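Residues per chain, in single letters:
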Amino acid sequence: MNNNDPKGIPQTTPRMSATFTRDVNSDIRRAAATGIYDIRGGGAKRKLPSFDDLLFMGASISRYPLEGYREKCETSVTIGGLHAENPIELDIPITIAGMSFGALSGPAKEALGRGASAAGTSTTTGDGGMTPEERTHSTKLVYQYLPSRYGMNPNDLRKADAIEIVVGQGAKPGGGGMLLGQKISDRVAAMRNLPKGIDQRSACRHPDWTGPDDLEIKILELREITGWKVPIYVKVAGARPYYDTTLAVKAGADAVVLDGMQGGTAATQDVFIEHVGQPTLAIVRPAVQALQDLGMHRKVQLILSGGIRSGADVAKAMALGADAVAIGTAALIALGDNDPKWEAEYNALGTTAGAYDDWHEGKDPAGITTQDPELMARFDPVEGGRRLRNYLKVMTLEAQTIARACGKNHLHNLEPEDLVALTMEAAAMAQVPLAGTNWYPGKPGTTY
Amino acid sequence: MQTIDLSKVGLRETNKMLQAQSAETNQTSWEIVNPRGSHAIACGLNAPIEVTIKGSTGYYCAGMNQQATVNIHGSAGPGTGENIMSGKIVIEGDASQYLGATGQGGLIVVKGNASSRCGISMKGVNIVVQGSIGHMSAFMGQSGNLVVCGDAGDALGDSCYEARFFVRGKVKSLGADCIKKEMREEHITFLRGLLDEAGIDADPSEFTRYGSARKLYNFHVDNAGAY
C-alpha cells in the first residue's frame with residue numbers, strides 16, 4: 001500500500017487473511033525453522049462452546065429460593081460406594097485432578113495436598129508415582145494407574161484412598177505423553193527408573209490390557225490386591241462419552257472421570273490439544289444418559305473435568321448430572337502460575353502472563369511446573385496451599401449461591417430444568433432450551 | 001503344606017489367606033488346586049512363601065508379587081507377574097502375552113514359550129524363557145534382563161531404554177533403536193548366574209546381546225521416522 005500514490009489512485013487498506021492469521025503464519029514459520037511440531041502444556045485455547053453459554057434461570061413464582069447464608073445448601077459427595085468398602089467422603093464436590101510429580105515440583109504437589117485437605121476434598125497423583133510429601137499432606141489421595149506405570153508399586157497402591165485407572169485425558173484422547181529431559185532431575189529419574197536427562201515417553205495405552213473385557217479383569221486384580229477396600233475410578237477423555245461411560249461401568253468402575261478438551265496436559269503436541277476431543281459442555285449429557293440407561297446414575301459417580309473455573313461452572317456441571325468436578329489448570333493458577341507479578345520474566349521467555357504454556361521446558365518463573373531448585377525455591381507450599389483452599393472455598397460459595405437461588409438445598413439437586421442456553425450449539429450439547437424458547441435441537445418429539 | 005481348593009474356597013478368600021501371611025509366617029508352603037484358568041490368583045503377595053498352583057491360570061496370576069515364589073504347573077494367561085517387585089514366578093507350561101509387564105524386580109522363568117509383548121515396559125525384572133517369545137517383546141523396556149533360549153519374534157526391544165536382551169536363537173527383527181551389542185566376558189558371567197538362578201541348562205556363550213542404541217533418548221527431527 002502506498003498512501004502517496006503519485007497518480008492519486010485510492011489505496012486499499014492492508015487486509016489480514018481470516019485463514020492465514022498472524023497466529024497461523026507464526027506457526028508455519030516456526031515449523032519451517034525447526035522441523036518439529038509445537039509441544040506445549042495446558043488445554044485447548046480455541047474458543048469453544050462452553051458453560052459460559054448456559055445461564056441459570058433462578059427462582060420465580062413457581063420455584064422459591066432458599067435464604068442465602070440462613071438455609072442450608074449441602075455440598076458433600078460420596079464417591080465409590082458401589083463396590084468399595086471405604087468410599088471417599090468429600091465435603092465439597094470439587095476435586096484436584098491428576099498432575100504428576102515431575103511435571104510439577106515437589107512443593108507444588110505438597111501445596112495441592114494442603115489446599116485440597118483444608119477444603120475437605122481429594123487430590124490425585126500423576127504420571128510419576130506417589131511422593132511422600134503428597135501422601136502426607138493429602139487426607140484423601142487418589143492414585144493414578146497409568147500406561148507408563150512409572151513408580152507403580154503395590155505398597156503405594158495400598159496407601160491410596162482411591163485408584164484412578166487412566167485410559168485417556170481430554171487434552172489428548174489417544175495420546176501418550178513426553179516429559180522432556182530438562183525436567184528429569186535425579187529424583188524424577190530415580191522414581192521412574194530411567195536415566196537422568198532423557199526424554200521420557202509415556203505410552204498411549206496400557207501395557208497389559210486392551211479393551212473393556214480386559215479392563216474388567218484388571219479392575220478385579222486391583223481390587224484383589226487392595227482387598228476391595230478403595231474405590232476404583234476410570235478416567236476417560238471426552239471422545240465417545242456415551243460408550244466409554246457404558247463400558248467403564250460394565251467393567252466395574254465405581255466412578256467415571258470424564259475430561260473434556262479444555263483439560264490441561266503437562267506437554268502434548270499443540271495440534272493434538274486443539275484438534276482432538278470434544279468440549280466439556282458436549283460430553284456431560286451423553287455420559288449421564290449412559291448412566292441413566294444402565295440405572296447407575298448417582299450409584300456410579302461422574303466426575304467432570306476440563307476447563308472448570310468457577311462456582312458457576314461447578315453448578316452447571318452438576319445441574320447437567322455430574323456428581324463432582326475436577327480442576328487442574330485452575331488450581332495451578334490459584335497456586336500462582338501465570339501470575340502477572342512475573343511479567344518481566346515471562347517476557348524474557350517470549351510470552352506474557354496468562355499465555356505461558358511451555359510447562360515442559362521447566363523454566364516456570366512461578367516455580368510450579370519446574371524441577372529447577374532455584375525456581376522451585378520461589379514457591380511457598382504453605383502459602384500456595386492457603387491460596388488453593390481459599391479458591392476452593394470461593395468456588396463452593398459461588399455454587400451454593402446459585403443453588404440457593406434455584407431453591408436447592410444440595411448442589412446435587414440442581415437439574416437441567418434450571419438452565420437455558422444462549423446459543424443453538426450450547427442448547428444442543430447441553431440439551432436445555434435456547435433462552436426464550438422451549439426448544440433445543442434434537443429435543444425428543446420435535447422435527448427440524 | 002496348606003492346600004486350597006480354589007473352586008470351593010473362591011478367589012477372594014484364597015488371596016486373602018495368602019496376602020495375610022507375614023515375613024515371620026511358619027506356613028510357608030501352599031498349594032492351590034482346581035485353578036481352572038481363574039484370573040488374579042495369588043496377586044499382591046508380600047511374604048517369603050511358596051505357592052504352587054496345580055493347573056493353568058488366567059490373567060494377572062502373581063501380579064505385583066513381592067518376596068513370594070509362585071509355581072504354575074500349567075500354562076499362564078495374559079499379564080502373569082505384571083509389575084512384579086521381587087520374588088520368583090516359575091511357569092512350567094507356556095505364558096500368554098504381556099508376561100512380566102512393567103515388572104520392577106524379581107525373576108520370572110518360563111519353561112515353555114512366551115507370547116507377544118513379553119517383558120513390555122520392563123523396569124528391572126529378569127525374565128528367562130526356555131522356549132521362544134513373540135513379537136514386540138520388551139517394548140519400551142527400561143531396565144532388567146530378558147533371556148530367550150529359543151527365538152524372538154518381530155520388533156524385539158522396540159524403543160527400549162536400558163533393558164538388556166540375550167537371545168540364543170534367531171531374532172526375526174529388531175525394533176526401533178534396538179541393536180546387536182558385543183557379548184563381553186562380564187555379560188557371559190552375568191548370564192551364567194541368571195541361567196543358574198533360573199535352573200536352565202544353557203551355555204551363555206551361545207547367546208547374543210541386544211540393547212538400546214540410545215538414539216531416541218532425546219527427540220530429534222532427523223529420527224522422527226523411527227518413532
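What counts and how
- Residues numbered from 1 in each chain as written.
- Chains lettered and ligands numbered in written order.
- Predicted model: local features only at pLDDT ≥ 70, side-chain atom pairs only at ≥ 80, totals over all residues.
- Helix = DSSP H or I, 4+ residues; strand = E, 2+ residues; numbered from the N terminus.
- Buried ≥ 20, exposed ≤ 12 C-beta atoms within 10 Å, placed from the backbone.
- Contact = placed C-beta atoms within 7 Å.
- pLDDT = per-residue confidence, 0-100.
- Nonpolar A, V, L, I, M, F, W, Y, C, P; charged D, E, K, R; others polar.
- Pairing = 2+ DSSP bridges.
- Right-handed = clockwise from strand over helix to strand, strands pointing away.
- Axes fitted to C-alpha atoms, helices over the stretch in contact; angles between N-to-C directions.
- Parallel < 35°, antiparallel > 145°, perpendicular 65-115°, else oblique.
- Left-handed = near helix turned anticlockwise from the far one by under 90°.
- Core = buried A, V, L, I, M, F, W, Y, C linked by C-beta atoms within 7 Å.
- Expected span 1.5 Å × (residues − 1).
- Arc of directions from axis to C-beta.

## Quick word on the overall build of chain A
Reasoning step 1: Tallying secondary structure elements over chain A gives 15 helices and 16 strands in all.
Reasoning step 2: Along the first, second and third principal axes, the C-alpha set of chain A runs to 85 × 65 × 45 Å.
Reasoning step 3: Taking all 448 residues of chain A together, 54% fall into the buried category.
Reasoning step 4: Taking as baseline every contact in chain A between residues at least 6 positions apart, the subset at least 24 positions apart corresponds to 67%.

## Description of the confidence of the model for chain B
If pLDDT is low for a region, its predicted coordinates should not be looked at in detail.
Reasoning step 1: Across chain B, pLDDT averages 96, with 98% of residues at or above 70.
Reasoning step 2: Across the assembled chains, the prediction reports ipTM 0.96 with pTM 0.95.

## Regarding the interface of chain B and chain A
Reasoning step 1: Each partner contributes to the interface: chain B provides 33 residues, whereas chain A provides 21 residues.
Reasoning step 2: Along the lines of polarity and charge, the residues of the side of chain B that touches chain A split into 16 nonpolar, 14 polar and three charged.

## Things to note about the environment of G98 of chain A
Residue and element names in this part refer to chain A.
Reasoning step 1: By the secondary structure assignment, G98 is in the loop between β5 (94-96) and α2 (106-119).
Reasoning step 2: Separated by 228 residues in sequence, G98 and A326 place their C-alpha atoms 8.8 Å apart.
Reasoning step 3: For G98, the contacting residues outside a window of four places in its chain are T124, T125, G126, Q144 and E164.

## Focus: the pairing of strand β15 (residues 324-327) of chain A
Residues and elements named next belong to chain A.
Reasoning step 1: Here β15 shows two buried faces, one formed by A324 and A326 and the other by V325 and I327.
Reasoning step 2: Here β5 pairs with β15 via three bridges, running parallel. In the strand pairing of β15, T95 is matched with A326.
Reasoning step 3: As defined by bridge partners, strand β14 (residues 301-305) adjoins β15 across three bridges and the pair is classed as parallel. Residue pairing for β15: S305 is matched across the bridge by A326.
Reasoning step 4: With respect to chirality, the unit in which β14 leads through helix α10 (residues 311-319) into the neighbouring parallel β15 is right-handed.

## Details of the sheet that holds strand β6 (residues 123-124) of chain A
Reasoning step 1: Strand order in this open sheet of eight strands is β5-β15-β14-β12-β11-β8-β7-β6 (chain A), and the pairing throughout is parallel. Two strands close off the open sheet at either side, each with one partner strand: β5 and β6 of chain A.

## Observations concerning the sheet that holds strand β2 (residues 29-33) of chain B
Residues and elements named next belong to chain B.
Reasoning step 1: Taken in spatial order, the eleven strands make up an open sheet running β1-β2-β3-β4-β5-β6-β7-β8-β9-β11-β10, and their pairing is mixed. Unpaired on one side and paired on the other, β1 (2-5) and β10 (178-181) mark the two borders of the sheet. Strand after strand, the sheet turns through a mean of 15° between neighbouring axes, direction not considered.
Reasoning step 2: Relative to the sheet, helix α3 (residues 185-198) contacts β6 (107-110), β7 (123-129), β8 (143-148), β9 (164-167) and β11 (208-212), its axis offset from that of β7 by approximately 70°.

## Overview of the pairing of β7 of chain B
Residue and element names in this part refer to chain B.
Reasoning step 1: Most of β7 sits inside the fold, with seven of its seven residues counted as buried.
Reasoning step 2: Across four bridges, β6 lies against β7 in parallel orientation. If you follow V109 over to β7, its bridge partner there is V128.
Reasoning step 3: Two elements, β7 and β8, share five bridges in a ladder whose sense is parallel. Residue pairing for β8: I127 is matched across the bridge by L146.

## Considerations on the packing of helix α7 (residues 241-250) of chain A against helix α9 (residues 280-293) of chain A
Residue and element names in this part refer to chain A.
Reasoning step 1: Contact geometry of α7 with α9 gives a least axis separation of 7 Å together with a crossing angle of 40°. It follows from the interaxial angle that α7 and α9 lie oblique. α9 is crossed by α7, and the crossing has right-handed handedness. In contact with P241, Y242, T245, T246 and V249 of α7, α9 contributes I283, P286, A287, Q289, A290 and L291.
Reasoning step 2: Among the residues forming the contact of α7 with α9, the class breakdown is eight nonpolar, three polar and no charged.

## Some remarks on the nonpolar core
All names here are of chain A.
Reasoning step 1: A253, V256 and V325 are the most contacted members of the largest nonpolar core, which has 184 residues in total.
Reasoning step 2: Among the elements that line this core, the one with the most residues is α9, at eight residues.
Reasoning step 3: Those residues in contact with V325 that lie beyond four places of it in its chain are P93, I94, I303, L304, S305, I308, V314 and A317.
Reasoning step 4: Residues A44, L48, A171 and M261 belong to the second largest nonpolar core, which totals five residues.

## A look at the environment of P78 of chain B
Reasoning step 1: Mapped onto the fold, P78 of chain B is located in the loop between β4 (69-72) and β5 (88-91).
Reasoning step 2: The class of P78 of chain B is buried, set by 24 C-beta atoms lying within 10 Å.
Reasoning step 3: Distance in space between the C-alpha atoms of P78 of chain B and S116 of chain B is 9.7 Å, their sequence separation being 38 residues.
Reasoning step 4: If sequence neighbours within four positions are ignored, P78 of chain B has contacts with D208 of chain A together with Y59, S96, Q97 and Y98 of chain B.

## What about α3 of chain B?
Residue and element names in this part refer to chain B.
Reasoning step 1: End to end, α3 covers 20 Å across 14 residues, agreeing with the expected 20 Å (1.5 Å per residue, within 8%).
Reasoning step 2: Regarding α3, the residues found buried are L191, L195 and A198. Seen end-on, α3 carries its buried residues on one side only, within an arc spanning 60°. Within α3, the exposed residues directed more than 90 degrees away from the buried face are E185, E186, T189, G193 and D196.
Reasoning step 3: In this structure, the buried residues of α3 make contact with β6, β7, β8 and β9.

## Looking at the packing of α10 of chain A against helix α14 (residues 381-405) of chain A
All names here are of chain A.
Reasoning step 1: Direction vectors running N to C along α10 and α14 enclose 55°, while the axes themselves pass 7 Å from each other. The orientation of α10 with respect to α14, classified from their angle, is oblique. The two elements α10 and α14 cross, and the hand of that crossing is right-handed. Residue-level inspection shows G311, A312, V314 and A315 of α10 in contact with α14, the latter providing M395, T396, L397, E398, A399, I402 and A403.
Reasoning step 2: A per-class count over the contact of α10 with α14 returns eight nonpolar, two polar and one charged.

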